[in-house]
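# Tertiary structure, described
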Amino acid sequence: MLLTLLRVAFVVLVVGMAIFSISFFVGTGDLGGMIFAPAGILATGAVVLFTDLREKHKHITTLSALYFGLLLGLLLGAWLGVARFRGRDAVLTLLNTFLALPSVVVGLLVYLLLSRSGPLGHLGWLFSVKAMIVAQTVLVLPVCMALVRQQIEDADRVHGEQLQSLGAGLLGRGLLLAWDARFALLTVCIAVFGRAISEVGAVMMVGGNIDGFTRVMTTAIALETSKGDLPLALALGAVLLWV
């Protein structure tokens, strides 16, 4: 049921992006852009949904991490872009540092949290899809927050005082500015998607790369390379690059 709902939500997202791309090129009169941009978006969405069907959990991990990361990242990034408080510079420094957070470190921390001796060991999530979703969400959240915060802060310098004079609160102002900067935020969504779908270190550590259960395309590439099956690894890599 969860997989079906995620696939439906992803289809809606892809179709919406395709329609949005058409409306973007209508104003410029670029007929090629009106044709090829939505076609490329729909083709990419189809590849994500229908490649490597045997590894069904791949879609759950990537799409779930994408939704959680975007949802939290957009809200927190929009708020952080307009909020002013003591210690904000330290928070921004820490957030920008997390942009270069190594995936294996995230995998290690999530592993320690979810291990039997860890504080969340009673959940029994280690070596499961849930652990992989947690690790990928932790990885993509700082990227989304930092990029959204920068875009919202730049827009706030131009329109912030006007919105504040109209009575908009911090979060409301942030969301309005996010809509105004929606073209730039589309690039943020693409960056977050690329970070999530290309992850291998953290998901291998907390998922265990179990065949038919927690093995995803990136971990399969690493496994086939170590086995010496380079043609299959290259084929999987080509599919991942296309996605």
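First, a word on what this report is: a plain description of the structure on this page. (Residues numbered from 1 in each chain as written. Predicted model: local features only at pLDDT ≥ 70, side-chain atom pairs only at ≥ 80, totals over all residues. Heavy atoms only, no water.)

### Re the pattern of salt bridges
As enumerated under the stated definition, the model contains seven salt bridges in all. Where arginine 157 meets aspartate 154, a salt bridge forms, and the shortest distance between an N and an O atom there is 2.7 Å. Placement of both arginine 157 and aspartate 154 in helix 6 (residues 129–165) is noted, with a separation of three residues, approximately one turn of the helix. Residue class for aspartate 154 comes out partly exposed when judged on its relative accessible area of 32%. A single salt-bridge network, built from bridges that share partners, covers Arg88, Arg149, Glu153, Asp154 and Arg157. (Salt bridge = Lys/Arg side-chain N within 4 Å of Asp/Glu carboxyl O. Helix = DSSP H or I, 4+ residues; strand = E, 2+ residues; numbered from the N terminus. Buried < 20%, exposed > 50% of the residue type's maximum accessible area, 1.4 Å probe, protein only.)

### Topic: helix 4 (residues 88–97)
Considered for burial, the residues of helix 4 that qualify are Arg88, Leu92 and Leu95. End-on view of helix 4: buried residues confined to an arc of 60°, all on one side of the axis. Exposed residues lying more than 90 degrees from the buried face of helix 4 are Asp89, Ala90 and Thr93. (Arc of directions from axis to C-beta.)

### Examining the nonpolar core
Residues Cys144, Val148, Ile152, Leu177, Val188 and Val192 are the most contacted members of the largest nonpolar core, which totals 25 residues. Every element with two or more residues in this core is listed here: helix 3 (57–82), helix 6, helix 7 (170–180), helix 8 (182–197), helix 10 (217–227) and helix 11 (230–242). Sort the elements by how many residues they give to this core and helix 6 lands first, with seven residues. When sequence neighbours within four positions are dropped, the list of residues in contact with leucine 177 reads Val82, Ile152, Ala155, Asp156, His159 and Leu163. By size, the runner-up hydrophobic cluster in this structure holds 13 residues, among which are Val106, Val110, Ala131 and Ala202. (Core = buried A, V, L, I, M, F, W, Y, C linked by side-chain atoms within 4.5 Å. Contact = heavy atoms within 4.5 Å.)

### Concerning the state of the cysteines
Summed over all chains, the structure comprises zero disulfides. Left without a disulfide partner, cysteine 144 is nearest to the cysteine sulfur of cysteine 189, which lies 6.7 Å away. We classify cysteine 144 as buried; its relative accessible area is 0%. Judged by its relative accessible area of 24%, cysteine 189 is partly exposed. (Disulfide = S-S within 2.5 Å.)

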